[in-house]
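These are the residues of each chain, in order.
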Amino acid sequence: MKILAFQGSPRFGGNTDLLLSAFLRGAEEAGAEVRRYDLYRMDYKGCLECGGCDRTGECVLEDDLTPVYTDLLDSDVIVLASPIFFYNLTSRTQALVERAQALWVRRYVLKNLSPRDAHGLLLCLGATRGKKLFEGVQRVVRYFFDAVGVTYRGGLFYRGIEKRGAVREHPTALSEAEALGRAVAGGLPPERWSLSDP
Ligand SMILES: Cc1cc2nc3c(=O)[nH]c(=O)nc-3n(C[C@H](O)[C@H](O)[C@H](O)COP(=O)(O)O)c2cc1C
């Protein structure tokens, strides 16, 4: 079981970092092979809309995302983790999403990328408590996973988490993330994963 994870918060040791680390701890304990990218330690841009991938399905940019394309196509589970910034993913996470344009071209223009038996998850949290807090990001993430040929399954969503490390005070967040990592890596079918109702 290969798990690919993206940590999309600029605050290291912050809430998203802790939440994703808990998930990956559970996954590794259950035997998964984990590859984690901390997006704010990497150097890359969003899509430049240059059209360079239109005929090849290959992004012309050469940067820290270049090796990530292979991982995106070769993982059983992909986990995006981001805090909410202005009702959105963080800019670096969104830039990763945009760079999936090259794979969207393969899937829908060149038609040489088929959906595969792989799953996408979102780990997401924000400071406020609005009912629609996670609506926008879920739409974005569903579309991202579709472009890479992966089925979006939902994820874990937490409101009211603001200060650095506040997720530690949440009664269930870290234990739920660790348990989900263990369940996913342990081969439990997606219908039996305990996911949040966002
Ligand atoms: C630039 C910025 C924008 C934010 N926008 C929102 C927002 O729209 N809604 C919300 O609930 N929280 C918002 N927050 C709060 C963060 O989502 C919250 O503090 C979160 O716990 C940060 O997670 P982290 O420690 O993983 O970075 C914002 C924080 C920042 C710095």
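Because the structure is predicted, anything quoted here is derived from the model rather than measured. (Residues numbered from 1 in each chain as written. Predicted model: local features only at pLDDT ≥ 70, side-chain atom pairs only at ≥ 80, totals over all residues.)

Asks: Can you help me understand the overall build of the chain in this one?
Replies: Secondary structure summary: the chain contains six helices and five strands in total. Moving toward the C terminus, one meets the helices and strands of the chain in the order β-α-β-α-β-α-α-β-α-β-α. In terms of overall size, the chain behaves like a compact globule, its C-alpha atoms giving a radius of gyration of 16 Å where 198 residues would be expected to give roughly 16 Å. For the chain, the C-alpha atoms occupy an extent of roughly 50 × 35 × 30 Å along the three principal directions. Counting over 198 residues, the chain shows a buried share of 39%. Sequence-distant contacts, at least 24 apart, represent 77% of the contacts inside the chain between residues at least 6 apart. (Helix = DSSP H or I, 4+ residues; strand = E, 2+ residues; numbered from the N terminus. Rg over C-alpha atoms; globule rule 2.2 N^0.38 Å. Buried ≥ 20, exposed ≤ 12 C-beta atoms within 10 Å, placed from the backbone. Contact = placed C-beta atoms within 7 Å.)

Asks: How should I be thinking about helix α4 (residues 101–108) in this particular structure?
Replies: Listed as buried for α4 are Q101, A102, L103, V105 and R106. Against the buried residues of α4 lie α2 (68–73), α3 (91–99) and α5 (135–147).

Asks: I tried to follow the packing of helix α1 (residues 15–29) against helix α6 (residues 173–185) on my own but got confused; where do I start?
Replies: Between two packed helices, what matters for the description is the angle formed by their axes and the separation of those axes. At a minimum axis separation of 7 Å, α1 and α6 run at an interaxial angle of 35 degrees. In this structure, α1 meets α6 at a crossing whose hand is right-handed. Of α6, the residues touching α1 (which contributes L18, L19, A22, F23, L24, R25, G26, A27 and E29) are A173, L174, A177, E178, A179, L180, G181, R182, V184 and A185. In the contact of α1 with α6, the residues fall into 13 nonpolar, two polar and four charged. (Axes fitted to C-alpha atoms, helices over the stretch in contact; angles between N-to-C directions. Left-handed = near helix turned anticlockwise from the far one by under 90°. Nonpolar A, V, L, I, M, F, W, Y, C, P; charged D, E, K, R; others polar.)

Asks: Before we go on, may I ask you to explain the nonpolar core in this structure?
Replies: Within soluble globular proteins, side chains that are nonpolar tend to cluster in buried spots. In terms of nonpolar packing, the biggest core is built from 56 residues, with L19, F23, V79, L123 and A177 touching the most fellow members. Setting aside chain neighbours within four positions, we find V79 in contact with I3, A5, L20, F23, L121 and L123. (Core = buried A, V, L, I, M, F, W, Y, C linked by C-beta atoms within 7 Å.)

Asks: Explanation requested: the site of the ligand in the structure shown.
Replies: Taken together, the neighbourhood of the ligand is formed by 18 residues, with G14, T16, P83, G126 and T128 sitting nearest. Class assignment of the residues belonging to the shell around the ligand gives a composition of nine nonpolar, six polar and three charged. (Near = placed C-beta within 6 Å.)

Asks: Would you explain unusual backbone geometry in this entry?
Replies: Trans is the prevailing form of peptide bonds, just as negative phi is the prevailing case for residues other than glycine. Backbone geometry at Y87 places phi at a positive 65 degrees, although glycine is not the residue there. You can see Y87 is positioned in the loop between β3 (77–83) and α3. Of note, the phi angle at K111 is positive, near 55 degrees, even though the residue is not glycine. As for its position among the elements, K111 is in the loop between α4 and β4 (119–125).

Asks: Quick question: what am I supposed to make of the environment of S175 here?
Replies: As for its placement among the helices and strands, S175 is situated in helix α6. The class for S175 is exposed, based on 12 C-beta atoms found within 10 Å. Once the C-alpha coordinates of S175 and T16 are considered, the two residues, 159 residues apart in sequence, prove to be 14 Å apart.

Asks: What is the right way to read the environment of H170 from this model?
Replies: Structurally, H170 can be placed in the loop between β5 (151–158) and α6. Spatially, the C-alpha atoms of H170 and G160 are 9.2 Å apart, while their sequence positions differ by 10 residues. Those residues in contact with H170, other than ones at most four positions away along the chain, are Y158 and I161.

Asks: Quick question: what am I supposed to make of the sheet that holds strand β2 (residues 33–38) here?
Replies: The strands making up a sheet are joined through hydrogen bonds of the backbone, oriented either antiparallel or parallel. Across the sheet, which stays open at both edges, the five strands sit in the order β2-β1-β3-β4-β5 with parallel pairing between neighbours. The open sheet terminates on both sides in strands that have one partner only, identified here as β2 and β5. Neighbouring strand axes in the sheet, compared pairwise and without regard to direction, differ in orientation by 15 degrees on average. Sheet topology places β4 next to β5; six bridges connect them, and they run parallel. Of the residues in β5, the one forming a bridge with C124 is F157. Each of β1 (2–7), β2, β3 and β4 is contacted by α1, which is oriented at about 160 degrees to β3, the strand it contacts most. Where α5 meets the sheet, it contacts β3, β4 and β5, and its direction lies at approximately 155 degrees from that of β4. (Pairing = 2+ DSSP bridges.)

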